[in-house]
Amino acid sequence: MMAGLASATDVFNEEFFEDPYPSYHRFRNQDPVLQLPFNLQLEQAQETYHDDADSWLVTGFDACSEALRNHQVDTAGDGAVDVVSALAEPLPILVIASLIGVPPEDLPQFKEWSDAMVALPTPETITSNRAKTLAMHDYIGAMLSVRRAEPTDDFMSTLITAGGSDEPLEDWEITSFCVLLLLAGNETTRNLVSCLMNVAADRPDTWRALRDDRSLIPGAIEESLRFDSPVQILNRWTTEDTALGGHLLPAGSNVAVAYAGGNRDPESFADPDRFLFDRPAKQHLAFGLGIHFCLGAPLARLEASVVLDELLERYPSISRAAPAQFQRMSRVIRGLTALPIDFTGR
Ligand code: HEM
């Protein structure tokens, strides 16, 4: 166990939210599979079950990969622009809403509801956010009734016919799946775009190189996903005694798999704290691994590459207009709340 750690706030403190990567290195150097002397899940999620479970934090690339693969462990114009509010935030919602089949006139309302659904709850917003979540479910339910009567070529209509006449999907399955897509693809893609632009803002040479050779864009996106992973940590529960990284994790343990820690493991990535857009291709953990590998990875990659290509086309150079602000509410997500960038020289 690591000395000096008494509660989750010793791990997920101010310093961590500003720059989590030195902490991941410290934990990994101590042990890539580190036993914690407190229950991470309890302190973070206010869950009331598994209160006597062992808690582990996994920050080694190999150990993260093994844990994820082990199914038994499963349970705009020139000038200064805030890239988060102007681009990274609205884009993924618009894409998913259009994909599902939400008509353009309903998009502003839909965006308000979906923002409420992904927002981290505060005492002031919890009640109204819950009401907006219910309104979103009702809206999708009503859309579904219309599509059942009059199918179109959108995604919801495809889901209606997906199981054929033998095993059609039920209303609740279609509604939950549409809501899942919205939740899983919204904030994550927002943070890929903003983390990518945050890194680019300090690297004029990288911007020039990408502008000169657009075939480098996919590599830069993969490196951004590795370097500043939008999903930092997710939990698994062991359903049986499980060997991991030389430890025996008892059944019922909480295992916090730090994808972002694995992605900075020097044993797997040379010079891991440097952003190298031409780094040799290697599987990273940002989209997970194994049977829960991200369903939306191709869409997220496509959205980021279209945004980057378009911005490179328009602007010969970019620079930081003011310091970026990182969110400090969730240890699961690495994201920015503001990213003022000067777009010049169109
Ligand atoms: C940069 C953007 C994204 C990142 C970093 C990301 C990350 C992840 C990760 C790490 C997982 C695995 C969770 C686990 O191990 O349990 C996952 C699963 C998933 N993602 Fe994404 N995601 C992104 C975008 C999207 C988009 C755009 C969609 C849909 C439109 C989406 C839909 C899903 C779904 C449905 C799953 C669950 C898959 C399953 O459990 O079988 N994601 N994502």
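Let me begin by describing the structure that accompanies this report.

Cut-offs applied
- Residues numbered from 1 in each chain as written.
- Predicted model: local features only at pLDDT ≥ 70, side-chain atom pairs only at ≥ 80, totals over all residues.
- Heavy atoms only, no water.
- 1 Å grid on protein atoms, 1.4 Å probe; cavity = no way out; pocket = protein on both sides within 12 Å on 5 of 7 lines; lining within 4 Å.
- Points joined across faces, edges and corners; volume = space filled by probe spheres on them.
- Helix = DSSP H or I, 4+ residues; strand = E, 2+ residues; numbered from the N terminus.
- Nonpolar A, V, L, I, M, F, W, Y, C, P; charged D, E, K, R; others polar.
- Near = heavy atom within 4 Å.
- Polar contact = N/O pair within 3.5 Å; in protein donor to acceptor, adjacent residues only side chain to side chain.
- Phe/Tyr/Trp six-rings, centres within 6.5 Å; stacked < 30°, edge-to-face > 60°.
- Buried < 20%, exposed > 50% of the residue type's maximum accessible area, 1.4 Å probe, protein only.

Comments concerning the layout of surface pockets
For step 1, the next point in the chain: Considered as a void within the structure, the second largest pocket measures approximately 280 Å³ in volume.
For step 2, the next point in the chain: As for the second largest pocket, its lining consists of 17 residues, of which Glu89, Glu187, Arg190, Gln327 and Thr337 are closest to the centre.
For step 3, the next point in the chain: For the lining of the second largest pocket, the secondary-structure elements that each account for two or more residues are α6 (83-88), α8 (107-118), α11 (171-201) and β10 (336-338).
For step 4, the next point in the chain: Here the lining of the second largest pocket gets three residues from one element, more than from any other, and that element is α11.
For step 5, the next point in the chain: Partitioned by chemical class, the residues of the lining of the second largest pocket number seven nonpolar, six polar and four charged.

A few points about the site of the ligand
For step 1, the next point in the chain: In the vicinity of the ligand lie 22 residues, with Gly185, Arg236, Tyr259, His292 and Cys294 positioned nearest.
For step 2, the next point in the chain: Here an oxygen atom of the ligand and a side-chain polar atom of Arg236 are 2.9 Å apart.
For step 3, the next point in the chain: Contributing elements (two or more residues each) for the shell around the ligand: α11, β4 (233-237) and α15 (297-314).
For step 4, the next point in the chain: With seven residues, the single largest contributor to the shell around the ligand is α11.
For step 5, the next point in the chain: Residues that form the shell around the ligand fall into these classes: 15 nonpolar, six polar and one charged.

Examining the packing of aromatic side chains
For step 1, the next point in the chain: In this structure the tally under the stated criterion is ten aromatic pairs.
For step 2, the next point in the chain: Taking 5.7 Å as the distance between ring centres and 85° as the angle between the ring planes, the aromatic pair formed by Phe16 and Phe17 counts as edge-to-face. Phe17 matches Phe16 in its accessibility class, with the two residues each being buried.
For step 3, the next point in the chain: Between Tyr21 and Tyr24, the aromatic rings sit 5.9 Å apart at their centres with planes inclined by 55°, giving tilted as the arrangement. You can see Tyr21 and its partner Tyr24 sitting in helix α3 (residues 21-30), three residues apart, about one turn around the helix. For the residue pair Tyr21 and Tyr24, the accessibility class agrees, reading buried in each case.

Function-wise, these values are silent; they only describe arrangement.
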